[in-house]
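Here are the chains, one letter per residue:
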Amino acid sequence: MSISVVILAAGKGSRMKSTTPKVLHEISGKAMLFHAIDAAQKISDDITIILYHQATRVQEHIEQEYKNINFHIQEAEKFPGTGGAMKGVKTKYKKTLILNGDMPLITQESLLALTKGDADINMSVIKLLNPSGYGRVIIANQKVQEIVEEKDCNQTQKDIKTVNAGIYCVNSNLLNRYIPKIGNNNAQKEYYLTDIIKMAVDENLTVTPIYVEETEFKGVNSKLDLSIAEEIMQQRIKEKWMNQGVSMRLPTTIYIDIRANFKGECILENGVTILGKSYLENSHIKTHSVIEDATIINSDVGPIGRLRPLAHITDTHIGNFVEVKKSTLNGVKAGHLAYIGDASIERGSNIGAGVITCNYDGKKKYQTTIGKNVFVGSDTQLIAPLTIEDDVIIAAGTTLAKNVKQGELAISRPPLKRISNFFYKFFGKS
Ligand code: UD1
Ligand code: MG
């Protein structure tokens, strides 16, 4: 579509009280700004992002994920504010959609709704019970007159419940004409983009309010806003996956990263957390398990199981208090209390309670390779690098530092001593 998009992301975000730039705060595993870029990329091939505060950090972050984005550095010392942010910005197409970078809930559809019709300006408007934090929209005779920022409002204006959601679709020519004229005669001594509305009204141009919902247009200014937006996003993500056949027990207690994927019939019990680019297929994740950047196929995990990055399990049972990291398990059972890191384990093998792959010597990580049908007894330490061939038994309590050949039993157990009546000698008889 022939429309340009400008995303304002130069602000400091002082209300976040954070050293991280506001737009890099994450919602469901993705920076707020990235949610906005994703929606914008679906409707435009001319996207400009305005940066200033920690510009290098934000730009590098963006460039790791996205290509073909234009950047514009705001002269924020001279021209602070959202209007200042637009100074010197040139866009390619006849219409320009301007959006704030702190609106992570917007979608392609909500952006498209703003581009309809041929008004000189379309602006997004929300009706709210609690309008605080937003600019108020002054409407008279059903026509938008101007936007007044909260800090500039008199008492009557403060009570207005119709607010500016922060997205505008403007004729690019108009923008080029208005932006240089914006002044800073207001409570914050900032150049407000919102002033273009009054400029257009004064010239009798058409400004069309497009009524939208806060569930898609919420602006995030504080950590409280962030948590509210997160809840809305989570609800959206979970609804999507439930509609595609994922079962969720008490969904409000479940957290799912926006980058996670599911296939087939999966069950998530209450308290489950799915992070990163996890992939789950026909699997059952039980109460309070945490899954991060893991692949789980035809398997079950938990309750209270933990799969860390690059865990890849198929046809496998992972029980309670078992942690798996950077390991591939195929048809394996690890029912209780184990750490499996930097390992590969083949079909039919059983990992007993308390088994630990000692994968780290304080300097480097080492690999453990376990073949088919290996029975690893409880409380065994597998000191990597280590290879255990097929059809092996490792006796409970073994400390294994040498490779084991096919069909062998490996056992390391200090001889047992029994001393008669030692208890009574030590504690005395009652
Ligand atoms: C802005 C609007 C307000 C609207 C609200 C909707 C103005 C003056 N006010 O207020 O009417 O109700 O959004 O969420 O526009 N930014 C820059 N450069 C700056 C300042 C800000 O690029 O100098 C960017 C920020 O990074 C942010 C966006 O512009 O992404 C909005 O800035 P913010 O300070 O959050 O404005 P609000 O007070 O929320
Ligand atoms: Mg804001």
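Since the structure is predicted, the reported quantities are computational estimates derived from the model, not experimental observations. (Residues numbered from 1 in each chain as written. Chains lettered and ligands numbered in written order. Predicted model: local features only at pLDDT ≥ 70, side-chain atom pairs only at ≥ 80, totals over all residues. Heavy atoms only, no water.)

## Some points on the packing of aromatic side chains
What counts, and what does not: Centres within 6.5 Å are what make two rings of Phe, Tyr or Trp a pair, Trp counting through its six-membered ring; a difference in plane orientation under 30 degrees is then read as stacked, over 60 as edge-to-face, and the rest as tilted. Going along the chain from the N terminus, every DSSP run of H or I of four or more residues is numbered as a helix, and every run of E of two or more is numbered as a strand. Note on exposure labels: buried denotes an accessible area under 20% of the residue type's maximum, exposed denotes more than 50%, and partly exposed covers the range between, all computed with a 1.4 Å probe on protein chains only.
One pass over the full model with this rule turns up seven aromatic pairs. With 5.1 Å between their ring centres and 85° between their planes, F34 and Y66 make a pair best called edge-to-face. Taken together, the residues span a long stretch of sequence, with F34 in helix α1 (residues 32-41) and Y66 in the loop between α2 (55-65) and β5 (69-73) at a distance of 32 residues. Judged by its relative accessible area of 10%, Y66 is buried.

## Some details on the coordination of the magnesium ion (ligand 2)
What counts, and what does not: Note that water is not among the atoms considered, so a metal site may appear incomplete; the donors listed are N, O and S atoms within 2.8 Å of the metal, with 3.2 Å applied to Na, K and Ca.
For the magnesium ion (ligand 2), the full set of protein donor atoms is D102 (OD) and N221 (OD1), at a range of 2.2 to 2.3 Å. Residue D102 is found in the loop between β6 (95-100) and α4 (108-115), and its partner N221 is found in the loop between α8 (214-217) and α9 (223-243); the two are separated by 119 residues along the sequence. You'll find D102 and N221 in the same group, each marked buried.

## Comments concerning the layout of surface pockets
Heads up, the condition is: The rule is simple: put a 1 Å grid over the protein atoms alone, call a set of points where a 1.4 Å probe fits but cannot get out a cavity, call an open set with protein on both sides within 12 Å along at least five of seven lines a pocket, and count a residue as lining if it has an atom within 4 Å of a point. Grid points are joined across faces, edges and corners, and a volume is the space filled by probe spheres set on the points. Charged means Asp, Glu, Lys or Arg here, nonpolar means Ala, Val, Leu, Ile, Met, Phe, Trp, Tyr, Cys or Pro, and polar covers whatever is left, Gly included.
Looking at the largest pocket, its volume works out to about 1200 Å³. If you trace the largest pocket, you find 41 residues lining it, with R15, K22, T82, E190 and N221 closest to the centre. When residues of the lining of the largest pocket are assigned to their parent elements, the largest contribution, four residues, is made by strand β10 (residues 162-171). When grouped by side-chain class, the residues that make up the lining of the largest pocket number 14 nonpolar, 17 polar and 10 charged. Of the voids in this model, the second largest pocket is the one considered here, and its volume is about 380 Å³. Together, 16 residues line the second largest pocket, and K42, I106, T107, R236 and I258 are the ones closest to its centre. Tallied by class, the residues present in the lining of the second largest pocket amount to seven nonpolar, three polar and six charged.

## Details of α9
Just so we agree on the cut-off: A helix's residues, less one, multiplied by 1.5 Å, set its expected span. Any two residues whose heavy atoms approach within 4.5 Å are treated as being in contact.
Under the 1.5 Å per step criterion, the end-to-end length of α9 is 30 Å for 21 residues, consistent within 8% with the ideal 30 Å. Taken together, the buried positions of α9 are occupied by D225, L226, A229, E230, I232, M233, Q234, I237, K238 and W241. Packed against the buried residues of α9 are β2 (26-27), α1, α8, β12 (247-248), β13 (255-256) and β14 (261-263).

## Quick notes on the site of ligand 1
We count it as follows: Throughout, the term near means that a residue has one or more heavy atoms lying within 4 Å of the molecule or strand in question. Counting of polar contacts relies on pairs of N or O atoms within 3.5 Å, with two restrictions inside protein: one atom must be capable of donating a hydrogen and the other of accepting it, and residues adjacent in sequence are counted only when both atoms are side-chain atoms. Per-residue and other accessible areas follow the Shrake-Rupley method at a 1.4 Å probe size, with only the shown protein chains counted as cover for residues.
Taken together, 23 residues surround ligand 1, and among them L8, G81, T82, E149 and N164 come closest. In this structure, N100 approaches ligand 1 through a side-chain N or O atom, which is 3.0 Å from an oxygen atom. G101 places a polar main-chain atom, nitrogen or oxygen, 3.1 Å from an oxygen atom of ligand 1. Its free accessible area being 760 Å², ligand 1 has 89% of it covered by the protein chains.

## Details of the packing of α1 against α2
In a packed pair of helices, the relevant descriptors are the angle between the two axes and the axis-to-axis distance. The line we're drawing: Lines fitted to C-alpha atoms define the axes, with helix axes restricted to the stretch in contact, and inter-axis angles between N-to-C directions lie between 0 and 180 degrees. In this scheme, roughly parallel covers angles under 35 degrees and roughly antiparallel covers those over 145, while 65 to 115 is roughly perpendicular and the rest are oblique. For any helix crossing, the convention is left-handed if the near helix is rotated counterclockwise from the far helix by under a right angle, and right-handed if that rotation is clockwise.
Interaxial distance between α1 and α2 falls to 11 Å at its minimum, and their mutual angle equals 45°. Taken together, the axes of α1 and α2 are oblique relative to one another. For the pair α1 and α2, the sense of crossing is right-handed. Here L33, F34 and I37 of α1 lie close against α2, whose contacting residues are V58, H61, I62 and E65. Partitioned by chemical class, the residues of the contact of α1 with α2 number five nonpolar, one polar and one charged.

## As for the domain arrangement of the protein
How big an interface is tends to be reported as the loss of accessible area on association of its parts. As a reminder, the rule being used: Domain ranges listed in this record stem from an automatic or a database domain assignment. Put simply, buried area is the surface a 1.4 Å probe can reach on two separate parts but cannot reach once they are joined, added for both. The rule for a salt bridge is simple: a side-chain nitrogen of Lys or Arg has to be within 4 Å of a carboxyl oxygen of Asp or Glu.
Split by domain assignment, the protein resolves into domain 1 (3-217) and domain 2 (223-410). In this assembly, 16 residues from domain 1 lie in contact with 14 residues from domain 2. Interface of domain 1 and domain 2: buried area, both sides summed, is about 1200 Å²; carbon and sulfur atoms make up 62% of it. The largest per-residue losses of area from domain 1 upon contact with domain 2 belong to I27, S28 and L105, which jointly make up 45% of the total buried on that side. Taken together, domain 1 and domain 2 are joined by zero salt bridges. Going through the elements one at a time, β2, α1 and α8 are the ones with two or more residues in the side of domain 1 that touches domain 2. Of the residues contributing to the side of domain 1 that touches domain 2, the split by class is five nonpolar, seven polar and four charged.

## Let's talk about the nonpolar core
Filter applied, for reference: Among buried residues, those of type Ala, Val, Leu, Ile, Met, Phe, Trp, Tyr and Cys that are joined through side-chain atoms within 4.5 Å constitute a nonpolar core.
Grouped together as the largest cluster of nonpolar side chains are 53 residues, with contacts concentrated most on F262, L268, L307, I351 and I388. Among the elements of the structure, α9, β24 (317-325), β26 (333-341), β27 (343-345) and β33 (386-388) are those that each provide at least two residues to this core. No other element matches the six residues that α9 contributes to this core. A domain split of this core shows at least three residues from each of domain 1 (3-217) and domain 2 (223-410). When near neighbours in sequence (up to four residues on either side) are disregarded, L307 contacts V290, I291, E292, A294, I296, V301, I313, I318 and V324.

## Here's the deal with the sheet that holds strand β30 (residues 368-370)
Short version of the rule: Paired strands, in this sense, are two strands between which DSSP finds at least two bridges.
Strand order in this open sheet of eight strands is β14-β17-β20-β23-β25-β27-β30-β33, and the pairing throughout is parallel. A strand with exactly one partner marks an edge of an open sheet, and here the two such strands are β14 and β33. Between one strand axis and the next, the sheet turns by 5° as a mean value, whatever way the strands run. Of the strand pairs in this sheet, strand β20 (residues 295-297) and strand β23 (residues 312-314) are connected by three bridges, and their pairing is parallel. Looking across to β23, one finds that T295 is bridged to H312.

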